[in-house]
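The lines below spell out each chain.
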Amino acid sequence: MLRFILRRSLGAAVILVLLTVVAFLLFFGMPRDPALLMCGKTCTPDALANIHKTLGIDKSIPEQFWIFLQGLVMGRDDYAQGPCPAPCFGYSYHTNEAVWSTLLDRLPTTISLAIGGAILFLTVGLGTGMLAAWKRGTVVDKVFTAGSMVLSSMQIYFLGPLALALLVYQMHVFDEPKYTDFSANPAAWFTGLIIPWAVLSTIFAAQYTRMARSSMIEQLQEEHVRTARAKGMSRRYVFFRYAWRGSLIPIVTIFGIDLGALLGGAIITEYTFGLPGLGMLAVESVRFSDLPLLLGVMLFSAAMILLFNIIVDACYAFIDPRVRLS
């Protein structure tokens, strides 16, 4: 198991390095000059050259990339804003703040949104999916299946404003969503994220309902499950002892990818509700053409997805003994 995890970690590191190369070339190899945005309308050639030197974009692309890699590993001390400890993604063009510190400041909001929403949509989605498979062919199954198909076709940018209009501005059931530090006020942290959690989980729970139902029905047709039933084991015991564990394999795979993507920034949800997380930070970096900040958000999101892919692979053996045998 340890050798497998090390091998997967090495592969993920190689992928991340290749992604860093491609992203850097796409962002900093573009013909658009970010210094023009900072120079203003009264820009002079001397001022433009000074900004190029300050930003470090007066060098060739290979030199810039090598310096960037050195900063990620060892940090840099040659910035006008001050030293930048590793991992150094540089300084924001717009705020002049270190990209890594900005990511860390926004990360608690994204973690709160992602973890809370994931717990909710995984619980609801698995519960309704398993119940639909248990009651296959009944009214319960048809209602859950039809409801999941309708909700999965919805979008956050539609449900979000609708929930705000009804629950906040018209019925006054909840306050307007906002992020509060959990250590400062746990109650305000919880109430401020209820609506974003509910909207986010509605879309995902519908998908997990259909996935859990189809996976469970497929597992119930497996030979080892039918053998257990032929030996006289009860339907309930076979359902939860054999079929349930086997059906988790595809669900864990998708959940790991979804959770990694959410931790990298739930862009639409954060933008809809005005939450200052990594997703909102990505939107701001695009708006201001802040290339170091956009590159930092992108690489951090990629790292989260790769990390959770490794965790998912490691979880397989604990879910299904047949994986350990293979």
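See above for the structure.
Residues numbered from 1 in each chain as written. Predicted model: local features only at pLDDT ≥ 70, side-chain atom pairs only at ≥ 80, totals over all residues. Heavy atoms only, no water.

(A) Spatial organisation of the packing of helix α5 (residues 99-134) against helix α8 (residues 186-220). With their axes 5 Å apart at the nearest point, α5 and α8 run at an angle of 35° to one another. Crossing of α5 over α8 shows right-handed handedness. Classifying every residue of the contact of α5 with α8 by side-chain character gives 21 nonpolar, eight polar and one charged. (Axes fitted to C-alpha atoms, helices over the stretch in contact; angles between N-to-C directions. Helix = DSSP H or I, 4+ residues; strand = E, 2+ residues; numbered from the N terminus. Left-handed = near helix turned anticlockwise from the far one by under 90°. Nonpolar A, V, L, I, M, F, W, Y, C, P; charged D, E, K, R; others polar.)

(B) Representation of the nonpolar core. F121 and L295 are the most contacted members of the largest nonpolar core, which totals 57 residues. With eleven residues, the top contributor of residues to this core is α8. Once you skip the residues sitting within four places of it in the chain, F121 turns out to touch L126, S201, F204, A205, Y208, F255 and L262. By size, the runner-up hydrophobic cluster in this structure holds ten residues, among which are A133, W134, M216 and A228. (Core = buried A, V, L, I, M, F, W, Y, C linked by side-chain atoms within 4.5 Å. Buried < 20%, exposed > 50% of the residue type's maximum accessible area, 1.4 Å probe, protein only. Contact = heavy atoms within 4.5 Å.)

(C) Structural view of helix α6 (residues 139-152). Spanning 14 residues, α6 covers 20 Å between terminal C-alpha atoms, matching the ideal 20 Å at 1.5 Å per step. If you check which residues of α6 are buried, you get D141, S148 and S152. For α6, the angular spread of buried residues about the axis comes to 40°, placing them on one side. For α6, exposure combined with an orientation more than 90 degrees from the buried face picks out V139, K142 and V143. (Expected span 1.5 Å × (residues − 1). Arc of directions from axis to C-beta.)

(D) Inspection of the environment of K178 at higher detail. Within the secondary structure, K178 sits in the loop between α7 (156-170) and α8. Classification of K178 by relative accessible area gives exposed; the value is 52%. Sequence separation between K178 and T109 is 69 residues; the distance between their C-alpha atoms is 9.4 Å. Not counting residues within four places of it along the chain, the set of residues in contact with K178 comprises G192, L193 and L275.

(E) Layout of the pattern of salt bridges. The final tally for this structure, using the stated rule, is two salt bridges. The salt bridge partner of E284 is R106, with a shortest N-O separation of 3.0 Å. With E284 in helix α12 (residues 278-287) and R106 in helix α5, the pair connects residues that are 178 residues apart, well separated along the chain. The class of R106 is buried, set by a relative accessible area of 18%. (Salt bridge = Lys/Arg side-chain N within 4 Å of Asp/Glu carboxyl O.)

(F) Examining helix α10 (residues 235-263) more closely. Within α10, the axis deviates most sharply at A243, by approximately 40°. Just downstream of α10, G265 is the residue with a positive phi angle, here 130°. (Bend = angle between axes of the 7 residues up to and from the residue.)

(G) Examining unusual backbone geometry more closely. In this model, A86 is joined to P87 through a cis peptide bond whose omega is -5°. Of note in this structure, N96 is not a glycine but carries a positive phi near 65°. With respect to the helices, strands and loops of the structure, N96 is situated in the loop between α4 (61-74) and α5.

(H) Structural view of a nonpolar patch on the surface. There is a patch of nonpolar side chains on the surface, built from Y157, F158, L162, L166, M171, V173, I267 and I268 and spanning about 750 Å² of accessible area. Elements supplying a minimum of two residues to the nonpolar patch: α7 and α11 (267-273). Turning to its location among the elements, V173 is positioned in the loop between α7 and α8. On the accessibility criterion, V173 (46% relative accessible area) is partly exposed. (Patch = residues over 30% accessible without salt bridge, like charges linked within 9 Å, V, L, I, M, F, W, Y side chains within 5 Å. Areas by Shrake-Rupley, 256 points an atom, 1.4 Å probe, with all protein chains shown as cover.)

(I) Structural view of the environment of K53. Mapping K53 onto the fold places it in helix α3 (residues 45-55). By relative accessible area, K53 is classed as exposed at 63%.

(J) The state of the cysteines, seen in detail. On inspection of all chains with the given rule, the structure shows one disulfide. With a sulfur-sulfur separation of 2.2 Å, C84 is cross-linked through a disulfide to C88. Measuring the twist about the S-S bond at about 115°, one finds the C84-C88 disulfide to be right-handed. Judged on exposure class, the residue C84 and its partner C88 are both buried. (Disulfide = S-S within 2.5 Å.)

(K) Local environment of the packing of α8 against α10. Packing of α8 against α10 leaves a shortest axis separation of 9 Å and a crossing angle of 145°. For the crossing formed where α8 meets α10, the hand is right-handed. Touching L200, F204, Y208, M211, A212, S215, M216, Q219 and L220 of α8 are F239, A243, W244, G246, S247, P250, I251, I254, F255, D258 and L262, all from α10. Across the contact of α8 with α10, the residue classes break down as 15 nonpolar, four polar and one charged.

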